[in-house]
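Observations on the model geometry
What follows is the residue order along each chain.
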Amino acid sequence: MTLSQILIGIGVVYGGSEVLLALLTRSHSNVARGADRGSLALLWTVIVLAILAALRVAARRPGPLPGPALPWVLAGLALLLAGLALRWSAILTLRGAFTVDVAIAHDQRLVRHGPYRWLRHPAYTGNLLAFLGMALVLVDWIAGLTLVVPITAAFLYRVAVEECALRTAFGDEYEQYARRTRRLVPFLY
């Protein structure tokens, strides 16, 4: 099995798991759709378009990363796997409270354990790490930016939407939690 076959396999598993999550964990309430403010549709659209654009750019190799490709690919693969591990750790910590759209159940509690001890949005951090890993696998800095910049912008919008919903649902409890934790990057942001 070649490295490219492994990467394609990981891409299929990752994409398939995201589609499965979307089918199984989407909230079906109209209130949730209002709270989501179109952020789920925006994320999917931006991710698909950014991946297609990055692959197109990478095929031309306008900005190859220095040195041999293998270390970049291996570093990218490591980041991708670390990102997926963090994402799934966050999802499993939330259990039934996890939905792909922004939705908070009336009996939901604020989760502050697991990866939520350090980050308010560890599943998004995991996704962003995975996309950064994918960018390195492309071995072209222009293709990498084409992938990472729009996806990061879409996730930042999503974080703002989710934080608004969490503040509305949990009030001062969420404000206190937000003062002790970072959004996406431990100790920084």
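As a starting point, this report considers the structure included with it. Here the residue index of a chain counts from 1 through its sequence in written order. Local features are withheld for residues below a pLDDT of 70 in this predicted model, meaning they are given only at 70 or higher, and side-chain atom pairs are given and counted only at 80 or more; totals for whole chains, interfaces and linings count all residues. Only hydrogens and water are set aside; all other atoms, that is, all heavy atoms of the structure, feed into the side-chain values.

Our focus in this paragraph is unusual backbone geometry. If you check the backbone angles, arginine 37 has positive phi at about 50° while not being a glycine. In this fold, arginine 37 is placed in the loop between α2 (30-36) and α3 (39-60). At arginine 61, a residue that is not glycine, the phi angle is positive and equals roughly 55°. By the element assignment, arginine 61 lies in the loop between α3 and α4 (69-94). Secondary structure elements are taken from DSSP: a helix is a run of H or I of four residues or more, a strand is a run of E of two residues or more, and numbering for both begins at the N terminus.

Turning to the nonpolar core, a few remarks are in order. The tendency in soluble globular proteins is for nonpolar side chains to be buried as a group. To form a nonpolar core, buried Ala, Val, Leu, Ile, Met, Phe, Trp, Tyr and Cys residues must be joined to one another through side-chain atoms within 4.5 Å. The cut-offs for exposure are 20% and 50% of the maximum accessible area for each residue type, with area from a 1.4 Å probe on protein chains only; residues under the lower value are buried, those over the upper are exposed, and the others partly exposed. In this structure, Phe131, Leu147, Ile151 and Phe155 are the most contacted members of the largest nonpolar core, which totals 27 residues. Contributions of two or more residues to this core are made by α1 (3-25), α3, α4, α5 (122-137) and α6 (141-170). When residues no more than four places from it in sequence are discounted, the contact partners of phenylalanine 131 are Tyr14, Ile47, Ile51, Leu147, Val148, Ile151 and Phe155. Counting residues in each nonpolar core, the second largest holds 17 residues, with Val111, Leu166, Tyr174 and Tyr177 among its members. Here, two residues are considered to be in contact whenever any of their heavy atoms come within 4.5 Å of each other.

A side chain of one charge can pair with a side chain of the opposite charge if their charged atoms are brought near each other. By definition here, a salt bridge exists when the distance from a side-chain nitrogen of Lys or Arg to a carboxyl oxygen of Asp or Glu is within 4 Å. Inspection of the entire model under this criterion finds seven salt bridges. For arginine 120, the salt bridge is made with glutamate 163, and the minimal N-O distance between the two is 2.8 Å. Taken as a pair, arginine 120 in the loop between α4 and α5 and glutamate 163 in helix α6 lie far apart in primary sequence, 43 residues in all. Each member of the pair, arginine 120 together with glutamate 163, is buried. One salt bridge in this structure joins glutamate 163 and arginine 167, with 3.4 Å as the shortest N-O distance. Placement of both glutamate 163 and arginine 167 in helix α6 is noted, with a separation of four residues, approximately one turn of the helix. Of the residues examined, glutamate 163 reaches a relative accessible area of 3% and is grouped as buried. Each member of the salt-bridge network shares a partner with another, and the members are Arg120, Glu163, Arg167, Glu175 and Arg183.

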